[in-house]
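Okay, here's what each chain looks like letter by letter:
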Amino acid sequence: MLIIRGLSAGYGDIQVLHEVNLTVDKGELIALLGANAAGKTTLINCISGLVKETSGTIEFEGDAINALTAYERVNRGLIQVCEGRNLFPLMTVAENLQLGAYSQRARQRIKENLEMVYSFLPILFERRKQKAGSLSGGQQQMVAIGRGLMADPKILMLDEPSLGLAPVISQAVFETVQKIKEQGVTILLVEQNVVKALQMASRGYVLENGRINSSGSAGELLDDDGVRKAYMGI
Amino acid sequence: MGVMDITNFAHGEYLMLSLYASFWLFEFFHIDPYLSVLLVIPLMFLLGLLTEKFLIRPTIGKPMFIHIFVTLGLSVILQNLALLLWSGNFRTIQVPFATHTINFGDISISTPRLIIFMVTLTVAYLIHLFLNYTWMGKAIRATSQNRNSAQLMGININRVFMVTFALGTACLGIAGPLLMPIYYVYPTIGFQFVLVAFVAVVMGGLGSVKGAVLASMLIGIIETLSGYFLDPAMKQAIYFLLFILVLIFKPSGIFGEEGKVV
Ligand SMILES: Nc1ncnc2c1ncn2[C@@H]1O[C@H](COP(=O)(O)OP(=O)(O)O)[C@@H](O)[C@H]1O
Ligand SMILES: [Mg+2]
């Protein structure tokens, strides 16, 4: 569904990604792992079209999408829930969700999707009239995920959804991700919580200093000594 | 500031163009300003679209001084172009309606000014509805609150910038013809309007439509009262004094959110 070949990118003179290859098949949950500043967000932003790659190709459902703008990619169902929530703080929860369905494609199913999101995340229904900026971190993350679902994603890229959340709340976030996966949505999950991510994933990639250092099935990575040393402290 | 994070120093010159447009439409074709406004609005909207696309767009995301220089340069060019084409003369039009008044008992109100007042309130209300109840309006608000997230929602932010900018110039397309019967136009007239508009927007609180409307009324009342009771020459000094006091005691403006300082 999503095939990335030889992708390099950076900011100004600094190259961050070096020849990254990555594939996500339909219905899979892929974990993208790596330490801080490894380039995970940069990779996701390249796929979304927010960062322009210097070389390489991004193929989505058989089409090269390198030349498409960010909003055109959203309109094709390539959706990102970005790191750090980044809601529209002065808007209500309901407005944030509605904006998730901004693309022509998603607008057609806005009613069904809103019902689905509210039944998935009932807290959002309770808080729908509240300003998004006034919610707690965990609730904001739920709005961010709900906003992503409103976009009717074919592939949902979640960038560290548990970042900065208390363990109990991270747990709730992971359960939500699991439920989304069970709905048949293809997911690319960026996580620092390696064990949790690999428990849900079918396969994973480990990014180190902008290069894919290892990849394989979730089981293989969980047993990999290098991965265990680097990310699980074992 | 605002949606695009730019300050357009040529804003006043667009008002100047709008005033000239209604002036020439009256001179050549005898179209009453209250009619020509329907022509000037789309003209100014189009001009805004073109300016944004070709002059402002290339400056977005660049260091701040670049758009300052571009819009300041544009302002100087437009002033001099007007001077060259239409001379520095003060020009005005004679319509009988200009001196029309409506009387409420002892109070008599200038009808053209009353029209301006009511149109301004109506337009402010329409903008409020547009921003809160349409997809494009919400996209504009979203873009002003978080540009990256807006793109991830599938919003074409270039289109948002274009529409926002052009709506701004279209509003000047309303202001020009409505001001023409009671005002005059000359190449540098934009500056005095921009100055007071700037004070109103900052005093009301950046980004607050309600604040800007109320601050404008406050300035109007202060201007009139100080002109009447003190000295007409003191009019501007008094509201600038109030402006300074507001900036000292509530830097975010009367209706501004805390932390959103100029
Ligand atoms: N907007 C930016 N401008 C310049 N450098 C950046 C920018 N964003 C990220 N970087 C740099 O790129 C590298 C990778 O960052 P990032 O992709 O955010 O990593 P991760 O998401 O894995 O923590 C880091 O060294 C970071 O400092
Ligand atoms: Mg990151």
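**Describing the interface of chain B and chain A**
Working step 1: Facing 19 residues of chain B, the contacting portion of chain A comprises 23 residues.
Working step 2: Regarding the contact of chain B and chain A, the summed buried area is about 2,100 Å², with carbon and sulfur atoms giving 63% of it.
Working step 3: For chain B, the biggest contributors to the area lost against chain A are B:Trp135, B:Leu152 and B:Met153; these three give 39% of the whole.
Working step 4: The interface formed by chain B and chain A includes two salt bridges.

**Side note on the domain arrangement of chain B**
Residues and elements named next belong to chain B.
Working step 1: Examined at the domain level, chain B breaks down into domain 1 (11–187) and domain 2 (189–262).
Working step 2: Between the C-alpha centres of domain 1 and domain 2 the distance comes to 20 Å.
Working step 3: With both sides pooled, the region where domain 1 packs onto domain 2 buries about 900 Å², and carbon together with sulfur makes up 77% of that total.
Working step 4: Considering only the surface of domain 1 that becomes buried against domain 2, Gly12, Tyr183 and Tyr186 emerge as the three largest contributors, covering 37% of it.
Working step 5: In this assembly, domain 1 and domain 2 are joined by zero salt bridges.
Working step 6: For the pair domain 1 and domain 2, the number of links is three residue pairs in polar contact (both at pLDDT 80 or more).
Working step 7: Taken together, the elements giving at least two residues each to the side of domain 1 that touches domain 2 come down to α1 (11–29) and α4 (111–133).
Working step 8: For the side of domain 1 that touches domain 2, the element with the highest residue contribution is α1, accounting for six residues.

**Overview of the site of ligand 1**
Residues and elements named next belong to chain A.
Working step 1: Tyr11, Val16, Ala35, Asn36, Ala37, Ala38, Gly39, Lys40, Thr41 and Thr42 make up every residue found near ligand 1.
Working step 2: In the model, an oxygen atom of ligand 1 is placed 2.6 Å from a nitrogen or oxygen of the Thr41 side chain.
Working step 3: Taking 560 Å² as the accessible area of ligand 1 by itself, protein coverage stands at 58%.
Working step 4: For the shell around ligand 1, the leading source of residues is helix α1 (residues 40–48), giving three residues.
Working step 5: Residue composition of the shell around ligand 1, grouped by class: five nonpolar, four polar and one charged.

What counts and how
- Residues numbered from 1 in each chain as written.
- Chains lettered and ligands numbered in written order.
- Predicted model: local features only at pLDDT ≥ 70, side-chain atom pairs only at ≥ 80, totals over all residues.
- Heavy atoms only, no water.
- Contact = heavy atoms within 4.5 Å.
- Buried area = accessible area lost by both parts, 1.4 Å probe.
- Salt bridge = Lys/Arg side-chain N within 4 Å of Asp/Glu carboxyl O.
- Domains from an automatic or database assignment.
- Polar contact = N/O pair within 3.5 Å; in protein donor to acceptor, adjacent residues only side chain to side chain.
- Helix = DSSP H or I, 4+ residues; strand = E, 2+ residues; numbered from the N terminus.
- Near = heavy atom within 4 Å.
- Areas by Shrake-Rupley, 256 points an atom, 1.4 Å probe, with all protein chains shown as cover.
- Nonpolar A, V, L, I, M, F, W, Y, C, P; charged D, E, K, R; others polar.

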